[in-house]
Amino acid sequence: MSLLIAFRRYFASPSLVIRPIAAALVVFSTTPQPLLSKDAAETPLPQREIALSFDDAPRGDGQLLDGRTRTVMLIQALERAGVEGAGFFVLTGQIAETDGGSERIAAYQAAGHVLANHTHTHPSLNRTETDAFLADVDLAAEVLSEFGGSIDLFRFPYLREGDTTEKHAAVREGLADRGLRNAYVTVDNYDWYLQALVDEAVSAGHPLDRAALGQLYVDVIVDAVEFYDAVAKRALGRSPRHILLLHENDLAALFVDDLVIRLRELGWTIISVDDAYEDDIANQQPDTLFHNQGRVAALAHAAGVQPKELINVAEDESYLRALFEDHGLLPKPDSPGSD
């Protein structure tokens, strides 16, 4: 099913409430263009594996979609793309604060995806004492127990695993005592800032070209995947089972199936998060406090690679803002009507 057809179906459904995006999102029906040249298409592609994970579920209403609709669209997009066992890292404090929060989390689980602990209030371990941090983890675990099943994956907010060796070790031990595994990522990116730029454009009444927006989203995320795979090959000598960090936001609901199509065209196999965490790097403990770029970057840093070489150029707000402006998704500062 094309995304345009999907949009029409969603808009037509009386059971769904979609925020008024028609004035902001211009949907064009375009003929898909080949992403690879003929010569490139004939070149055997490497076989690589990656899992999808979504942080901060359930998020509240966005500028484009209300929360309930986002969940429906995201589940259906993953189903269309044939993705099973994606990870949804639940920020349990938001469940009661969002419309239908509990039902939305249950819907992800019912669709065959994996629920995981992302704390109750999203504290940064770098700014939180060990006991308070683990208490927040425990509160999240208590809330998640209501959904049943085994929930043994934990992801650090902001990917921050502690600003001192002592704190890092103490929390790692505390998580192990609770039967929780570190649900690291291997591919970091700024999809959260892409969403912030979309929200800014919508708030300003700037029209959004759906095709341009979707293309930019896919390009930026795929570039991050390829960047960290190159880091892995340099540090490990191989491509591990990757885990892509995304957020449960409007852009993911709109374009994750397009993202999966592109990844598969480039030789990636989409696997479950459970399979991804069977990779050998899950058992490695990098001797570094440089964790907030993900496990691959941490391993590379522990091996002597400098931090500046482990951060993708697109993990920069000014860079992404310029991309939006160049693609007409935000007005350029010197353009008519801009401030």
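Structure's up top.
My aim in this report is to walk through the structure given alongside it, one point at a time.

Thresholds applied
Residues numbered from 1 in each chain as written. Predicted model: local features only at pLDDT ≥ 70, side-chain atom pairs only at ≥ 80, totals over all residues. Heavy atoms only, no water. Helix = DSSP H or I, 4+ residues; strand = E, 2+ residues; numbered from the N terminus. Expected span 1.5 Å × (residues − 1). Buried < 20%, exposed > 50% of the residue type's maximum accessible area, 1.4 Å probe, protein only. Axes fitted to C-alpha atoms, helices over the stretch in contact; angles between N-to-C directions. Parallel < 35°, antiparallel > 145°, perpendicular 65-115°, else oblique. Left-handed = near helix turned anticlockwise from the far one by under 90°. Contact = heavy atoms within 4.5 Å. Phe/Tyr/Trp six-rings, centres within 6.5 Å; stacked < 30°, edge-to-face > 60°. Lys NZ or Arg CZ within 6 Å of the ring centre and 35° of its normal. Polar contact = N/O pair within 3.5 Å; in protein donor to acceptor, adjacent residues only side chain to side chain.

## Notes on helix α7 (residues 191-203)
Thought 1: Helix length check: α7 (13 residues) gives 18 Å between terminal C-alpha atoms against 18 Å at 1.5 Å per residue, within 8%.
Thought 2: Of all the positions in α7, only D191, Y193, L194, Q195, L197, V198, A201 and V202 are classed as buried.

## Let's talk about the packing of helix α3 (residues 67-80) against helix α9 (residues 250-265)
Thought 1: One can describe the packing of α3 onto α9 by two numbers: an axis separation of 8 Å at closest approach and a directional angle of 20°. Taken together, the axes of α3 and α9 lie roughly parallel to each other. Viewed along their axes, α3 and α9 form a crossing whose handedness is left-handed. Between α3 and α9, the residues in contact are R70, M73, L74, A77, L78 and R80 and D250, A252, A253, L254, V256 and D257, respectively.

## What to know about the packing of helix α8 (residues 210-236) against helix α11 (residues 295-302)
Thought 1: Axis separation between α8 and α11 bottoms out at 9 Å; the angle between their running directions is 40°. Like other packed secondary-structure pairs, α8 and α11 cross with a definite hand, here left-handed. Across the interface between the two elements, Y228, V231, A232, A235 and L236 from α8 touch V296, A297, L299 and A300 from α11.

## Topic: α11
Thought 1: Of all the eight residues making up α11, six are buried; the element is thus mostly covered by neighbouring parts of the structure.
Thought 2: Considered for burial, the residues of α11 that qualify are R295, V296, A297, A298, L299 and A300.
Thought 3: Check the buried side of α11 and you find it contacts β6 (181-182), α8 and β8 (242-247).

## Remarks on the packing of aromatic side chains
Thought 1: Under the definition given, this model contains 10 aromatic pairs.
Thought 2: A ring pair is formed by Y184 and Y277, whose centres lie 5.0 Å apart and whose planes are at 85°; its orientation type is edge-to-face. One end of the pair, Y184, is in the loop between β6 and α7; the other, Y277, is in the loop between α10 (273-276) and α11, with 93 residues separating them in the sequence.
Thought 3: Taking relative accessible area as the criterion, Y184 reaches 3% and is therefore assigned buried.
Thought 4: Taken together, the aromatic side chains of F54, F88 and Y108 make up a single cluster linked through ring pairs.
Thought 5: One residue, R155, lies across the ring of F89, its end atom 3.8 Å from the ring centre.
Thought 6: The positively charged end of R160 is found above the aromatic ring belonging to Y158, 4.8 Å away from the centroid.

## Some remarks on unusual backbone geometry
Residues other than glycine predominantly adopt negative phi, and peptide bonds predominantly adopt the trans conformation.
Thought 1: Going from A57 to P58, the amide bond is cis rather than trans, its omega being -5°.
Thought 2: Positionally, P58 belongs in the loop between β2 (48-57) and α3.
Thought 3: Even without being a glycine, T119 presents a positive backbone phi close to 80°.
Thought 4: Mapped onto the elements, T119 comes out in the loop between β4 (114-117) and α5 (130-144).
Thought 5: Assessed through its relative accessible area of 0%, T119 is described here as buried.
Thought 6: Despite not being glycine, Y158 shows a phi value in the positive range, around 60°.
Thought 7: One can find Y158 in the loop between β5 (153-154) and α6 (165-177).
Thought 8: Look at Y158 and you get partly exposed, because its relative accessible area is 44%.

## Notes on the side chain of N189
Thought 1: Tracing the backbone through its elements, the reader meets N189 in the loop between β6 and α7.
Thought 2: On the accessibility criterion, N189 (3% relative accessible area) is buried.
Thought 3: A distance of 2.8 Å separates a polar atom in the side chain of N189 from the backbone nitrogen of D191.
Thought 4: Polar side-chain contacts of N189 include one of 2.6 Å to the backbone oxygen of L245.
Thought 5: Residues within four places of N189 in sequence aside, it is in contact with I221, A224, L244, L245, L246 and E315.

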